[in-house]
Amino acid sequence: YRVEISVEGEVDPQMGWLYDHSEISEAVNPVVDGLDHRYLNEIEGLENPTAEMICAWLWKRLAPLCPGLCEIVIQETPRARCTYRGQ
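Below is a short write-up of the structure.

**Concerning the side chain of Gln75**
Item 1. Take Gln75: it is sitting in strand 2 (residues 69-77).
Item 2. Owing to a relative accessible area of 16%, Gln75 belongs among the buried residues under this scheme.
Item 3. Every residue in contact with Gln75, bar those within four places of it in the chain, is listed here: Tyr1, Arg2, Glu4, Ala80 and Arg81.

Following this line, the structure appears as structure tokens:
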């Protein structure tokens, strides 16, 4: 799988950016590491690990950690992907 996380908001005029990418990594990496090399069906909430379910599962965990979270994309193959924008 490939995971893309998008955030939105106002650009800080002094820094010139919206969000420090390292902050996104700090939030995302532990969550994704918990999935890496695991049988997803055995993870609570992912008993049916479709791309859609994985997106929603990630959203639930990342939204509190990533202010401005607006989109999660899971890409299973170069031609199969799911885009999730919250509830």
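**What to know about helix 2 (residues 51-62)**
Side chains that are three or four residues apart share a direction in an α-helix, a result of its 3.6 residues per turn.
Item 1. The end-to-end C-alpha distance of helix 2 is 16 Å, a good match for the 16 Å that 12 residues give at a rise of 1.5 Å each.
Item 2. All buried positions along helix 2 are accounted for by Ala51, Ile54, Cys55, Trp57, Leu58, Trp59 and Leu62.
Item 3. Structurally, helix 2 contributes buried residues whose contacts are with strand 1 (2-7), helix 1 (21-33), strand 2 and strand 3 (80-84).

What counts and what doesn't
- Residues numbered from 1 in each chain as written.
- Predicted model: local features only at pLDDT ≥ 70, side-chain atom pairs only at ≥ 80, totals over all residues.
- Heavy atoms only, no water.
- Helix = DSSP H or I, 4+ residues; strand = E, 2+ residues; numbered from the N terminus.
- Buried < 20%, exposed > 50% of the residue type's maximum accessible area, 1.4 Å probe, protein only.
- Contact = heavy atoms within 4.5 Å.
- Expected span 1.5 Å × (residues − 1).

Note that all results are geometric; they support no functional claim without further evidence.
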